[in-house]
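Here is how the chains run, residue by residue.
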Amino acid sequence: MTRRLKSVLALLAGNAIGLMLAALLLTGFAIKPISFIVVVIVFTLVQVVAEPLILKLGEKRAPSLKGGIALIVTFVGLLVTDLVTNGLTVGGISNLLAATLLVWVGALIASVVLPIYVFTELRTPKK
């Protein structure tokens, strides 16, 4: 398996773990089991597309937000995925904010743990 494919799988797995964490801990935040894979793929695609755009805007207009870009991207990803798919129900603005933090934390932990135990090739810097 190529390094790029392993990176994509690790990103998808991290987002899946973060979304499951939010679905388990927040009442009103739900993902239909039959739509789970579609929700994870759409959420990940929105993140991949939105991150460079938000990063570019953040660098120009508000450089102090650079540390929070991942949270903003997660928020946008959840919002767009909720609007685009029928499989995700956020359940209000308070759930959206809490889910942003939970999905971000879950994906962050997975992005640290997965390269150590599952995708060991991703631990070494790219040549």
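These lines cover the structure that appears in this document, whether it is placed above or below. (Residues numbered from 1 in each chain as written. Predicted model: local features only at pLDDT ≥ 70, side-chain atom pairs only at ≥ 80, totals over all residues. Heavy atoms only, no water.)

## Remarks on the packing of helix α3 (residues 69-84) against helix α4 (residues 93-117)
(1) Moving on: At a minimum axis separation of 9 Å, α3 and α4 run at an interaxial angle of 120 degrees. The angle between α3 and α4 falls in the class oblique. Our pair here, α3 against α4, has a crossing hand that is right-handed. Mapping the contact onto sequence places Ala 70, Leu 71, Thr 74, Phe 75, Leu 78 and Leu 79 in α3 and Leu 96, Leu 97, Ala 99, Thr 100, Leu 101, Val 103 and Trp 104 in α4. (Axes fitted to C-alpha atoms, helices over the stretch in contact; angles between N-to-C directions. Helix = DSSP H or I, 4+ residues; strand = E, 2+ residues; numbered from the N terminus. Parallel < 35°, antiparallel > 145°, perpendicular 65-115°, else oblique. Left-handed = near helix turned anticlockwise from the far one by under 90°. Contact = heavy atoms within 4.5 Å.)

## With respect to the nonpolar core
(1) Moving on: Of all hydrophobic cores here, the largest spans 16 residues; its most connected members are Leu 19, Phe 29, Ile 31, Leu 78 and Leu 88.
(2) Moving on: Mapped by element, the contributors of at least two residues to this core are α1 (3-25), α2 (36-61) and α4.
(3) Moving on: The element contributing the most residues to this core is α2, with four residues.
(4) Moving on: Discounting residues that sit within four places of it in the chain, Phe 29 has contacts with Leu 19, Ala 22, Ala 23, Leu 78, Leu 88, Thr 89, Val 90, Asn 95 and Ala 99. (Core = buried A, V, L, I, M, F, W, Y, C linked by side-chain atoms within 4.5 Å. Buried < 20%, exposed > 50% of the residue type's maximum accessible area, 1.4 Å probe, protein only.)

## Things to note about the side chain of Thr 44
(1) Moving on: In this structure, Thr 44 sits in helix α2.
(2) Moving on: A polar contact is formed between the side chain of Thr 44 and the side chain of Asn 15, at a distance of 2.9 Å.
(3) Moving on: Excluding residues that lie within four positions of it along the chain, Thr 44 makes contacts with Leu 11, Leu 12 and Asn 15. (Polar contact = N/O pair within 3.5 Å; in protein donor to acceptor, adjacent residues only side chain to side chain.)

## Re the environment of Ser 94
(1) Moving on: With respect to the helices and strands, the residue Ser 94 is situated in helix α4.
(2) Moving on: A relative accessible area of 53% means that Ser 94 is categorised as exposed.
(3) Moving on: Between the alpha carbons of Ser 94 and Leu 26 there is a distance of 10.0 Å; along the sequence they are 68 residues apart.

## Looking at a nonpolar patch on the surface
(1) Moving on: A grouping of Leu 71, Leu 101, Val 105, Leu 108, Ile 109, Val 112, Val 113, Ile 116, Tyr 117 and Val 118 is seen on the molecular surface, where their side chains present a nonpolar patch of about 870 Å² in accessible area.
(2) Moving on: Among the elements that line the nonpolar patch, the one with the most residues is α4, at eight residues. (Patch = residues over 30% accessible without salt bridge, like charges linked within 9 Å, V, L, I, M, F, W, Y side chains within 5 Å. Areas by Shrake-Rupley, 256 points an atom, 1.4 Å probe, with all protein chains shown as cover. Salt bridge = Lys/Arg side-chain N within 4 Å of Asp/Glu carboxyl O.)

## Digging into the environment of Phe 75
(1) Moving on: Relative to the helices and strands, Phe 75 resides in helix α3.
(2) Moving on: Beyond its immediate sequence surroundings of up to four residues, Phe 75 is in contact with Leu 96, Leu 97 and Thr 100.

## Some remarks on the environment of Thr 74
(1) Moving on: With respect to the helices and strands, Thr 74 occurs in helix α3.
(2) Moving on: Taking the relative accessible area as the measure of exposure, Thr 74 reaches 3% and is therefore buried.
(3) Moving on: When sequence neighbours within four positions are dropped, the list of residues in contact with Thr 74 reads Phe 43, Gln 47, Thr 100, Val 103 and Trp 104.

## Side note on α3
(1) Moving on: An ideal rise of 1.5 Å per residue puts 22 Å on 16 residues; α3 measures up with 22 Å between its terminal C-alpha atoms.
(2) Moving on: All of the buried residues in α3 are Ile 69, Val 73, Thr 74, Gly 77, Leu 78 and Thr 81. All buried residues of α3 lie within an arc of 170 degrees about the axis, which places them on one face of the element. (Expected span 1.5 Å × (residues − 1). Arc of directions from axis to C-beta.)

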